[in-house]
Protein chains: 2
Amino acid sequence: MKAVIVTIGDELLIGQVIDTNSVFIGQELEAIGCSVLEKVAISDTIEVITNTINRYQNQVDLVVLTGGLGPTKDDVTKKTLAHYFNDELVFNDEVYLHVKKLIEGYYNRPITEMNRQQAYVPSNCTVLFNEVGTAPGMLMVKEQTTFVSLPGVPYEMKYLVTEKLLPYIKEQFKLEAIVHKTVLTVGIGESLLAEKIEKWEDSLQLLNIHLAYLPQFGLVRLRLSKTGSSVDEIEAEIINKTSELQLLIPEFFIGITNADSLFNEVVLLLKQSGLTIATAESCTGGSIAQKLTSVEGSSGYFKGSAVTYATESKVNILGIQQQTIDTFSVVSEEVAREMALGAKRIFKTDLAISTTGNAGPLKGDGDAEVGTVCMAFVFNDKVESFTFNFGQPRNKVIQAAVEKTWLILYKYLKNNQ
Amino acid sequence: MKAVIVTIGDELLIGQVIDTNSVFIGQELEAIGCSVLEKVAISDTIEVITNTINRYQNQVDLVVLTGGLGPTKDDVTKKTLAHYFNDELVFNDEVYLHVKKLIEGYYNRPITEMNRQQAYVPSNCTVLFNEVGTAPGMLMVKEQTTFVSLPGVPYEMKYLVTEKLLPYIKEQFKLEAIVHKTVLTVGIGESLLAEKIEKWEDSLQLLNIHLAYLPQFGLVRLRLSKTGSSVDEIEAEIINKTSELQLLIPEFFIGITNADSLFNEVVLLLKQSGLTIATAESCTGGSIAQKLTSVEGSSGYFKGSAVTYATESKVNILGIQQQTIDTFSVVSEEVAREMALGAKRIFKTDLAISTTGNAGPLKGDGDAEVGTVCMAFVFNDKVESFTFNFGQPRNKVIQAAVEKTWLILYKYLKNNQ
């Protein structure tokens, strides 16, 4: 089964908004074995939307559209769809009652004429009732292709995908099994790795296993994918090939990451370990804490972070010795070590990790090269420290330091399972 | 001038990676008056890439492709382009010397055969020399359309866009002037706002000014866009219409935001004010600090954050009275007030803002409803506090609290300019 995702709105084209809707839809569709052939972002005009859906008519099984269903005049998707299906918009009592209830109950104000307009839907569409917002989802079939229109508000879109669209697809389509496994390698660059595993890579082709290299700071993920009729069979095949890979590159092979990223692996390991953690962040400015707390249940292991951006606050809050700063400079492994120990002490945790560096573009306190980051990690009263240079620009330095955090934690937690 | 952005790689389609490359390219192209008609993400196979570029041949002036230029076998863009242009890949000495210098110098290892392959480029292409990575950019013209292929690594892509592509476009194309202005409104929902300004909105159409509604938590941004021959004339026209708007909705009209978001406005105002700020964050987990430090020069005004996720650390680090927690619960305006005062005290700042809430999905310490967030803001020894319920899911609650922070700061800084 093949799908295309269409996101509608000029804000996507002029770079005013980052599109995360299609990321979610792509994940969900792939997970049930529906291949996403293309994702396209387009302008919200009748002509452009019509041309785009026409382009995919009978080329794919499913076209998922998001955006362009709000109550205001710049939202034209609904009209366009009705026209494309030679249909007309009719007032739907059930949708109206729902909108009315939501507006009067949740927003506590009278329903407006524009809200009322949201109850008009194409007469031949199947309404996907939206329990969390005022714009209904709509599903229409023309010849070989099913078209689904969803609102662009992320949590409304997510609700309709999970609760309405996926069950519909599973019922209506015969889905091929698809398996993706991602192997994490560390300490070897993309091109050297590719040379080392060249023959193994060739052997994948014979099995119709697709390999993709996903390089990140200091690590390369290898994604193996295959479609077929049986999930179990494909999984066994892929796991067999990853065992071969492990023998080829034992020093760089970390393991199969079930989750999408190293961070998710770290969260799983932290939860299993029962250990608690705190951070002391300077150049990362709270990014490590922010990521750790982005997942539910984080209060089980994360106790807090001292984001001591100013040098003075490193002394006042974390108890760094002024002498250490004067002797080694604020960007130094010595300061990083005292920061990690300080965080462990004030938050009373088992583990702590710290960052102090110069993210740039200008030199800050101390005279470390732009891009330099010192980090320290405390466990069992032992401290390890590191110095990196992540170059520029600023956001790359911050992101690289955050990624290093997951790598340091991953190695420790994996070795102490 | 019309452009299409094509991003290449399965990781974009299966939702493994969020595409920020096309966001950047979209912003840069729009800023110089080049309209982005479509953005499309596709698989990295020869057939799909060929079909896609063929689809846009002579339909647009410029096709910008990113991704698929790495050294490994899953990267096929270069071969596909050579084939599409009936060209062949030839070894380019200048590119080779550049790759060699970079590998041997920066990575300090011998050049591999795969790196050497990166020096092959189509014989008729214009090489866009990449000073920050090993994959060169390539530019080729066929009939009415210019095709540009850039690497997918974000900072390499950004370098080539800024330093090579934009200057080329400015030189080769006659660009139409384009102006976008975004008006910020606060305190009124999208549909009510649309009813209030309906006639004004109609009047925009007569001037060919396009209006888009961009709703966010608690605010609606209105984007006015127009293309034409003179930036000055269009700007004058749009500013004239925004003045009319201000008279229509004085109580909701905040102003024209030059920057893309309220956050950028807050950063500008903070810099101008010379005031310093700290945060005390519980449910936002460092997200406010992370955002404040994401921009260069933030050490000028941001001193630090106490991310006191555990209740105990609120007492130990911020000096919250245990009695306040016992009496009012940890999610209360009283605790938020003490947190903000504590942050102001320990970081020695002029301003401080705090958050304590229950982001969900489960109830945490205290018994506040899931979605409840209390916030406090200190300035001039005055404290203001607020209680919100942002509903669910978790990430929406966190994001909404962060957006409220910018709104609170914006109002204060604007009124005290």
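Residues numbered from 1 in each chain as written. Chains lettered and ligands numbered in written order. Predicted model: local features only at pLDDT ≥ 70, side-chain atom pairs only at ≥ 80, totals over all residues. Heavy atoms only, no water.

An unreviewed UniProt entry annotates chain A as CinA-like protein originating from Paenimyroides baculatum. UniProt lists a comment for chain A under the heading Sequence similarities (unreviewed entry), and it reads "Belongs to the CinA family." (UniProt positions renumbered as here; feature names shortened; annotations may be inferred.)

Now for the packing of aromatic side chains. All names here are of chain A. Under the criterion given, the structure shown has 24 aromatic pairs over all chains. Both rings, one in phenylalanine 263 and one in tryptophan 406, keep their centres 4.8 Å apart while their planes meet at 50°; by these two values the pair is tilted. In this pair, phenylalanine 263 is assigned in helix H11 (residues 262-273) and tryptophan 406 in helix H16 (residues 394-415), connecting sequence segments 143 residues apart. Look at tryptophan 406 and you get buried, because its relative accessible area is 1%. Ring centres of phenylalanine 377 and tyrosine 412 lie 5.3 Å apart, and the angle between their planes is 70°; on these two criteria the pair is classed as edge-to-face. In this pair, phenylalanine 377 is assigned in strand S16 (residues 372-379) and tyrosine 412 in helix H16, connecting sequence segments 35 residues apart. Like tyrosine 412, phenylalanine 377 is buried. (Phe/Tyr/Trp six-rings, centres within 6.5 Å; stacked < 30°, edge-to-face > 60°. Helix = DSSP H or I, 4+ residues; strand = E, 2+ residues; numbered from the N terminus. Buried < 20%, exposed > 50% of the residue type's maximum accessible area, 1.4 Å probe, protein only.)

Before going further, it helps to spend a moment on the pairing of strand S14 (residues 302-308) of chain A. With six of its seven residues buried, S14 of chain A lies for the most part within the structure. Summarising the sheet, strand S13 (residues 277-281) of chain A and S14 of chain A pair through five bridges and their orientation is parallel. Bridge assignment links alanine 278 of chain A to a residue of S14 of chain A, and that residue is glycine 304 of chain A. Running through helix H12 (residues 287-292) of chain A, the crossover from S13 of chain A to the neighbouring parallel element S14 of chain A is right-handed. Inspection of the sheet shows S14 of chain A paired to strand S14 (residues 302-308) of chain B by five bridges, in the antiparallel sense. Paired with threonine 308 of chain A across the bridge in S14 of chain B is glycine 304 of chain B. (Pairing = 2+ DSSP bridges. Right-handed = clockwise from strand over helix to strand, strands pointing away.)

The interface of chain B with chain A comprises 92 residues on the first partner and 92 residues on the second. Buried surface at the junction of chain B and chain A, both sides included, amounts to about 7100 Å², of which 55% is carbon and sulfur. Between arginine 55 of chain A and glutamate 38 of chain B there is a salt bridge whose closest N-O contact spans 2.5 Å. Here chain B is connected to chain A by 36 residue pairs in polar contact (both at pLDDT 80 or more). (Contact = heavy atoms within 4.5 Å. Buried area = accessible area lost by both parts, 1.4 Å probe. Salt bridge = Lys/Arg side-chain N within 4 Å of Asp/Glu carboxyl O. Polar contact = N/O pair within 3.5 Å; in protein donor to acceptor, adjacent residues only side chain to side chain.)

The periodicity of an α-helix, 3.6 residues per turn, causes residues three or four places apart in sequence to face the same way. All names here are of chain B. The end-to-end C-alpha separation of helix H7 (residues 154-172) is 25 Å, in line with the 27 Å expected for 19 residues at 1.5 Å each. At valine 161, H7 is deflected by roughly 40°, the largest bend along its length. Within the sequence span of H7, burial applies to Glu156, Met157, Leu160, Val161, Leu165, Leu166 and Ile169. Residues of H7 that are buried make contact with helix H2 (21-31), strand S3 (62-66), strand S6 (126-128), strand S7 (137-142) and strand S8 (145-150). (Expected span 1.5 Å × (residues − 1). Bend = angle between axes of the 7 residues up to and from the residue.)

Moving on: the sheet that holds strand S9 (residues 177-186) of chain B. All names here are of chain B. Read from one edge to the other, the open sheet built from four strands follows the order S10-S11-S9-S12, with strand pairing classed as antiparallel. Both outer strands of the open sheet, strand S10 (210-216) and strand S12 (253-257), are each paired with one neighbouring strand and no more. Ignoring strand direction, the axes of neighbouring strands in this sheet form an average angle of 20°. Relative to strand S11 (residues 219-228), S10 is paired through seven bridges, and the arrangement is antiparallel. The residue bridging leucine 214 from the neighbouring strand is arginine 221, located in S11. Against the sheet, helix H10 (residues 231-248) makes contact with S9, S11 and S12, and its axis sits at roughly 15° relative to S9, the strand it touches most. (Axes fitted to C-alpha atoms, helices over the stretch in contact; angles between N-to-C directions.)

Relative to strand S17 (residues 382-389) of chain A, S16 of chain A is paired through eight bridges, and the arrangement is antiparallel. Of the residues in S17 of chain A, the one forming a bridge with valine 373 of chain A is phenylalanine 388 of chain A.

Quick look at the environment of glycine 228 of chain B now. All names here are of chain B. Take glycine 228: it is sitting in strand S11. The spacing of glycine 228 and leucine 248 is 20 residues in sequence and 27 Å in space, taken between C-alpha atoms. For glycine 228, the contacting residues outside a window of four places in its chain are Glu176, Ala177 and Ile234.

Here we come to the packing of helix H13 (residues 311-318) of chain B against helix H15 (residues 333-347) of chain B. Residues and elements named next belong to chain B. Put simply, H13 and H15 touch, their axes get as near as 10 Å, and they point 40° apart. Compared by their axis directions, H13 and H15 come out oblique. Both H13 and H15 take part in a crossing whose hand is left-handed. On the side of H13, the interface is formed by Lys314, Ile317 and Leu318, while H15 contributes Val335, Met339, Gly342, Ala343, Arg345 and Ile346. Looking at the contact of H13 with H15 residue by residue, the class counts come to six nonpolar, one polar and two charged. (Parallel < 35°, antiparallel > 145°, perpendicular 65-115°, else oblique. Left-handed = near helix turned anticlockwise from the far one by under 90°. Nonpolar A, V, L, I, M, F, W, Y, C, P; charged D, E, K, R; others polar.)

Counting 78 residues, the largest nonpolar core has Leu292 and Trp406 of chain A together with Leu292 and Trp406 of chain B as its most contacted members. Other than its neighbours up to four places away in sequence, leucine 292 of chain A contacts Phe263, Leu270, Ile277, Thr279, Ser298, Tyr301, Phe302 and Trp406 of chain A. By size, the runner-up hydrophobic cluster in this structure holds 56 residues, among which are Val4, Tyr56 and Ile103 of chain A together with Tyr84 of chain B. (Core = buried A, V, L, I, M, F, W, Y, C linked by side-chain atoms within 4.5 Å.)

Turning our eyes to something else, we now look at the sheet that holds strand S12 (residues 253-257) of chain A. Residue and element names in this part refer to chain A. Spatially, S10-S11-S9-S12 is the arrangement adopted by the four strands of the open sheet, whose pairing is antiparallel. Looking along the sheet, the strands with just one partner apiece sit at the ends: strand S10 (210-216) and S12. Strand after strand, the sheet turns through a mean of 20° between neighbouring axes, direction not considered. Here strand S9 (residues 177-186) runs beside strand S11 (residues 219-228); their pairing, made up of 10 bridges, is antiparallel. Bridge pairing in S11 places valine 183 opposite leucine 222. On the sheet, helix H9 (residues 198-206) packs against S10 and S11 and is oriented at approximately 140° with respect to S10.

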